Amino acid sequence: MRTDNAKSIYLKDYQPPHFLVDQVSVAFDLQPQRTLVTSHLKMRRNPASTEQSPELVLDGEKLKLLRLAIDDQELPEAAYQLDDHTLTIAEVKERFTLSTQVEIRPQENTALEGLYQSGKMYCTQCEAEGFRRITYFPDRPDVMASFETTIIADKAAYPVLLSNGNCVYQQDLPEGRHLVRWEDPFPKPCYLFALVAGDLRFQQDSYTTGSGRQVDLRIYVEPENIDKCDHAMVSLKHAMVWDEEHYGREYDLDIFMIVAVNDFNMGAMENKGLNIFNSKYVLARPDTATDSDFQHIEGVIAHEYFHNWTGNRITCRDWFQLSLKEGLTVFRDQEFSADMGSRGVKRIEDVRLLRSHQFAEDAGPMAHPVRPESYIEINNFYTVTVYEKGAEVVRMQANLLGAETYRKATDLYFERHDGEAVTTDDFVRCMEDASERDLSQFRLWYSQSGTPQVRVSTSYDEQQGILEITFSQTTPETPGQKQKQPFHIPIALALLDSQGESLPLKTSAAATGASREQVLELTEATQTFAFHDLVQQPVPSILRGFSAPVKLEYDYSDDQLMFLMARESDDFNRWDAAQTLARRTLLKLVAACQQGLPLALPGGFVEAYRLALTDQQADKALLSELLSLPSESNIGDQMTQVDVEAVHQARQWLKRALAEALRDDFAAVYEQNQSDAYEITSASIGQRRLKNLALNYLMSLEAPQIDRLCMAQFETADNMTDVMAALHGLVNRDIPERDRALSDFEAKWRKDPLVMDKWFAVQAGSNLPGTLSGVKALMEHPAFSIRNPNKVRSLIGAFCSTNLFAFHASDGSGYEFLTDQVITLDTLNPQIAARLLRIMSRWRRYDESRQQLMRKAFERVLAQTDISKDVFEIASKSVAEE
Ligand code: TRP
Ligand code: ZN
């Protein structure tokens, strides 16, 4: 095991940089065997630093130093020291220009950090610490410099040469080469640096900002994808308008570029003026992308664009502040998507993700606060806690302040901190200063990890018409944090009458002009609120819109849940009531499975589903959410010990029972929601969703007639949403149509990597026996490559994280498979290896024998020589004593 640099970095040790870089001039000479990087850094001692030492320390990894000079004087070898991570120069002056030349090998870079090749093109990924793989530099976000970038390459192979900012110079060179120079006038940290070189086409458009600036918009893709850029371009323009309207933020350069690449560790990257995207979040045509792909593209395009202000103009002081940009930008993209489509459905999707992934993270060995206190490898902290819980924390502040004051507060933030590298505390201070509120207790959301549990009880005084609601909060212990203080929790509340109408909320008998929805602010461990003048006992509607990221416990009766499922006016709570009812029912079924008792449905359950299915008023996408059963992992999360088999059995049984009882209704919904022309509007997305939900239930009947219906949809659909819905159904059926559909699909899409990702994922999720050997066989398929993160995620990742039943096979075959893949990947791409390994981090939730198998798997990983920091951190923290 290699632990030499596997040490923790602490927030409390933060020190301002000793040296600043004002200007960077960097030149890339891209040659077939090697790339030469020559840089000149105008540096000076930081007046804010207390450090007296004359020493200069720069970061650098996997660089071959060819030349080193200060103010044009070559340094003798005795004047500096090199190790695997740093270049240390013994003595420098107050102000100087540091020149270096290094050789790097992008063609051998499989980690996809720094400069690398994706197919035939070159591209970069510098966040968080990739720039140190390009040249020697103080690689930290609080060092901001203006950049001038020169790129030299063969003109025929790399006609397009891009970097940040504006193109200022181009020249042809001898031997078929050319040179292009870019200048970025905005000082930026080096993690926002980007370079792209390739034979690319672009789709062009333009946008005029509110103040009349013309912006040239370009989406660069490989030639075969030029017909898949329309949706990304439309989304970008929508995002630009939205940011002006909602935050008063305009774009600030003359050109905005997006480049789609096939090999990318994450979703996309907000490099100044030159966003680089995983092609999955750019490319779409109705026949290649599903409705949810279209929606994700819209959201990710907006997310990266919004970073221009929240991340780039104002950046992070250090990586512990990552949520400063990510939490805020996720909140911004969530609200954008809510405005573009169905607000209620968007909220449901976001909360589902939060509960399934973030609550799980918060309850496991990798739990950490939104602003972490320490890390071994920063790449491991691009987490659902930093992103999604971080977004919830900003959302709560926006709601506590109210729309108008929140806007004042963000205006203040942009004005006060433009051009700076700041902290989450600086952000909260703007919220406080604009609102004149004290948010000191609220700040605990940034520093305390763990999901608060809020227990609610009510007592109703019939005589006086008074309802008392008592809230008590506790937060479970998390690694390194035993004691928790009470949080400041905003709880949106309404009281519903028997028609589902919200009643006036009077907090005293004398209250007048009462509102019908109120945000209660819970700040104590236990607190009681009273509501007066009620004419009947209301049904409380608590935590409307999911007003805080907490686990709410209130003992609704089944009847009350069915009432809410039919009548609740808050879309989120309506959905949540349905989910609670289904989950409760499923847990009872699980218990029955475990005890070998007969399975049965509670009274009224089928009727509640029929009512929702035939609701003619509601948004169809919302109904689809309402009628979707909680996932197996969601059910498992409610159990003290997950029983993989019983959960699977119970859920399959319930789905089939509903399909049998409501067969005619599902069939009718299926027929009624066939649409003629394909459109990507909210209405037609909702229609397809409900139709395909009906098909999905019907397929659980395992009836030849429905198999034929499904196959017909597969064969005749003109869009990928309907094709995939059908394929999802067929892949679980052991019938000839299954193989025919899979091979037709493969024959048609063999050459399209993104579509092939779907083909891999759908097979990895099959619940037929033998899926693991199928996955192993697919790893030999020519379209698969372990070096491509999208492929790893769609085949290996999909199997291990969505096919719980197969992955947790009692013989340990799933764990062994995952471990083998993590070990192989760790030598190629540690970031992806670590993400894969995380899937197993909640191993303590399973039975003794599975725990043993998973613990052994972690030990096997830890026993590898040359293990990366990334994988070491996940494995060692996963098995650490609690
Ligand atoms: N800043 C990017 C985003 O959220 C995240 C990102 C892209 C990233 N690529 C990465 C983070 C590689 C770490 C490593 O928009
Ligand atoms: Zn981001």
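On a predicted model such as this, the values are computed, not experimentally measured, just so you know.

Draft legend 1. Seen up close, the overall build of the protein. Along the protein, the regular secondary structure elements total 27 helices and 31 strands. C-alpha atoms of the protein, sized along the principal axes, occupy 90 × 70 × 60 Å. The buried share of the protein, taken over its 882 residues, is 60%. Within the protein, counting contacts between residues at least 6 apart in sequence, those at least 24 apart form 71% of the total. Element-wise, carbon and sulfur atoms account for 47% of the exposed surface of the protein, whose accessible area totals about 34900 Å². The averaged location of the 130 negative side-chain charges in the protein is 2 Å from the averaged location of its 92 positive side-chain charges.

Draft legend 2. Inspection of the sheet that holds strand β27 (residues 489–496) at higher detail. Read from one edge to the other, the open sheet built from three strands follows the order β28-β27-β30, with strand pairing classed as antiparallel. Strands at the two margins of the open sheet, each flanked by one partner only, are β28 (518–522) and β30 (539–542). Across the sheet, the mean angle separating the axes of adjacent strands is 35° when strand polarity is ignored. Examined bridge by bridge, β27 and β30 share four bridges and lie antiparallel to one another. By the bridge assignment, L496 is partnered in β30 with V539.

Draft legend 3. Molecular detail of the coordination of the zinc ion (ligand 2). Surrounding the zinc ion (ligand 2) are the protein donor atoms H303 (NE2), H307 (NE2), E326 (OE) and E326 (OE), at 1.9 to 2.7 Å. Every donor counted, the six donor atoms about the zinc ion (ligand 2) form angles of 49 to 160° at the centre, which fits irregular coordination. Assessed through its relative accessible area of 8%, H303 is described here as buried. By relative accessible area, H307 is classed as buried at 0%.

Draft legend 4. Geometry of the site of ligand 1. The environment of ligand 1 is made up of 16 residues, and the closest members are E127, A268, E270, E304 and Y387. Within the side chain of E127, one N or O atom sits 2.5 Å away from a nitrogen atom of ligand 1. One of the side-chain nitrogen or oxygen atoms of K325 is found 3.4 Å away from a nitrogen atom of ligand 1. Isolated, ligand 1 exposes 370 Å² of accessible area, and the fraction of that covered by the protein chains is 97%.

Draft legend 5. Structural view of the domain arrangement of the protein. Taken domain by domain, the protein comprises domain 1 (9–199), domain 2 (315–447) and domain 3 (453–563). Look at where the C-alpha atoms of domain 2 and domain 3 centre, and you get two points 25 Å apart. Of the residues lining the interface, 20 residues belong to domain 2; the matching set on domain 3 comes to 18 residues. Linking domain 2 with domain 3 are one salt bridge, by the criterion used here. We note a salt bridge from E521 to R437, for which the minimum N-O separation is 2.8 Å. Taken together, the links from domain 2 to domain 3 amount to seven residue pairs in polar contact (both at pLDDT 80 or more).

Draft legend 6. Molecular detail of the pattern of salt bridges. Applying the stated criterion across every chain yields a total of 79 salt bridges. With its nearest N and O atoms 3.7 Å apart, the salt bridge here joins D13 to K12. In this structure D13 comes out as partly exposed when scored by relative accessible area, which is 47%. Counted as one network, the salt bridges with shared partners bring together R34, K64, E103, R105 and E108.

Draft legend 7. Region of interest: unusual backbone geometry. Omega for the bond connecting E127 with A128 falls within 30 degrees of zero, at 0°, which places this linkage in the cis form. Here A128 is to be found in the loop between β11 (121–125) and β12 (144–154). Even without being glycine, L112 reaches a positive phi, approximately 60°. Looking at the secondary structure, you find L112 in the loop between β9 (95–104) and β10 (114–118). Within the chain, D866 stands out as a residue other than glycine whose phi angle is a positive 60°.

Draft legend 8. Looking closely at the packing of helix α25 (residues 830–838) against helix α27 (residues 869–879). Direction vectors running N to C along α25 and α27 enclose 15°, while the axes themselves pass 8 Å from each other. When the axes of α25 and α27 are compared, the pair comes out roughly parallel. Our pair here, α25 against α27, has a crossing hand that is right-handed. Taking contact as the criterion, the partners of P830, Q831, A833, A834, L837 and R838 in α25 are, on α27, D870, V871, I874 and A875.

Draft legend 9. Structural view of the side chain of D847. On the secondary structure map, D847 appears in the loop between α25 and α26 (848–862). On the basis of relative accessible area, D847 is assigned to the buried category, the value being 18%. Reaching out from D847, the side chain makes a polar contact with the side chain of R850 at a distance of 2.6 Å.

Draft legend 10. Broad picture of the nonpolar core. The biggest cluster of nonpolar side chains holds 287 residues, and the ones touching the most others in it are L98, F471, Y609 and F745. Looking at this core element by element, the count peaks at ten residues for helix α10 (residues 571–595). Residues contacting F471, with those up to four places away along its chain left out, are V454, R455, V456, I491, L520, L522, A525, T526, Q527, F529 and I542.

Draft legend 11. Seen up close, helix α7 (residues 424–435). Taking 1.5 Å per residue as the helical rise, α7 with its twelve residues ought to reach 16 Å, and the 17 Å between its terminal C-alpha atoms agrees with that figure. Every buried residue of α7 is listed here: T424, D426, F427, V428, C430, M431, E432 and S435. Buried residues in α7 make contact with α3 (322–340), α5 (384–401), α6 (403–417), β24 (421–422) and α8 (444–447). After α7 finishes, the residue E436 shows a positive phi value of roughly 55°.

Draft legend 12. Seen up close, the packing of aromatic side chains. Scanning all chains against the criterion turns up 39 aromatic pairs. Between F137 and F147, the ring centres sit 6.3 Å apart and the planes meet at 40°, which makes this aromatic pair tilted. Here F147 lies in strand β12 and F137 lies in the loop between β11 and β12, a separation of ten residues in the sequence. Each member of the pair, F137 as well as F147, carries the same accessibility label: buried.

Draft legend 13. Layout of α27. In terms of burial, α27 is a largely internal element, eight of the eleven residues being buried. Residues D870, V871, F872, E873, I874, A875, S878 and V879 constitute the buried set of α27. Looking at the buried side of α27, the elements it contacts are β23 (374–375), α24 (813–828), α25 and α26.

Draft legend 14. Representation of the sheet that holds strand β25 (residues 453–461) in the model. What the four strands build is an open sheet, ordered β29-β26-β25-β31; its pairing is mixed. The sheet is open, and its two edges are formed by β29 (526–531) and β31 (551–553), each paired on a single side. Each strand of the sheet is rotated relative to its neighbour by a mean of 20°, with strand direction disregarded. The pairing of β25 with strand β26 (residues 466–474) spans nine bridges and is antiparallel. Looking across to β26, one finds that V456 is bridged to F471.

Draft legend 15. Highlighting the UniProt feature "domain: Peptidase M1 alanyl aminopeptidase Ig-like fold" (unreviewed entry) in the protein. The residues that UniProt annotates with the feature "domain: Peptidase M1 alanyl aminopeptidase Ig-like fold" (unreviewed entry) are residues 450–555. Taken end to end, residues 450–555 has its terminal C-alpha atoms 23 Å apart, with 0% of it in helix and 42% in strand.

Draft legend 16. The side chain of S502, seen in detail. Looking at the secondary structure, you find S502 in the loop between β27 and β28. Accessibility expressed as a relative area gives 16% for S502, which makes it buried. Discounting chain neighbours no more than four positions away, the residues touching S502 are A494, L495, L496, R516, R544 and S569.

Draft legend 17. Structural detail: the state of the cysteines. Per the counting criterion, the structure on display carries zero disulfides. Just so you know, C229 is unpaired, no disulfide at all, and the nearest cysteine sulfur is the one on C123, 16 Å from it.

Draft legend 18. How the structure looks around the packing of helix α4 (residues 343–362) against α10. In the contact formed by α4 and α10, the axes pass within 9 Å of each other and the chain directions differ by 45°. With respect to each other, α4 and α10 are oriented oblique. Every pair of crossing elements has a handedness; the one defined by α4 and α10 is right-handed. Contacts between α4 and α10 involve G344, I348, V351, R352 and R355 from the first element and D571, F572, W575, D576 and R583 from the second. Among the residues forming the contact of α4 with α10, the class breakdown is four nonpolar, one polar and five charged.

About the criteria used
Residues numbered from 1 in each chain as written. Chains lettered and ligands numbered in written order. Predicted model: local features only at pLDDT ≥ 70, side-chain atom pairs only at ≥ 80, totals over all residues. Heavy atoms only, no water. Helix = DSSP H or I, 4+ residues; strand = E, 2+ residues; numbered from the N terminus. Buried < 20%, exposed > 50% of the residue type's maximum accessible area, 1.4 Å probe, protein only. Contact = heavy atoms within 4.5 Å. Areas by Shrake-Rupley, 256 points an atom, 1.4 Å probe, with all protein chains shown as cover. Lys, Arg positive; Asp, Glu negative; His and termini not counted. Charge placed at Lys NZ, Arg CZ, Asp CG, Glu CD. Pairing = 2+ DSSP bridges. Axes fitted to C-alpha atoms, helices over the stretch in contact; angles between N-to-C directions. Donors = N, O, S within 2.8 Å, 3.2 Å for Na, K, Ca; no water. Tetrahedral: all angles 85-135°; square planar, octahedral: opposite > 155°, others 65-115°. Near = heavy atom within 4 Å. Polar contact = N/O pair within 3.5 Å; in protein donor to acceptor, adjacent residues only side chain to side chain. Domains from an automatic or database assignment. Salt bridge = Lys/Arg side-chain N within 4 Å of Asp/Glu carboxyl O. Parallel < 35°, antiparallel > 145°, perpendicular 65-115°, else oblique. Left-handed = near helix turned anticlockwise from the far one by under 90°. Core = buried A, V, L, I, M, F, W, Y, C linked by side-chain atoms within 4.5 Å. Expected span 1.5 Å × (residues − 1). Phe/Tyr/Trp six-rings, centres within 6.5 Å; stacked < 30°, edge-to-face > 60°. UniProt positions renumbered as here; feature names shortened; annotations may be inferred. Disulfide = S-S within 2.5 Å. Nonpolar A, V, L, I, M, F, W, Y, C, P; charged D, E, K, R; others polar.

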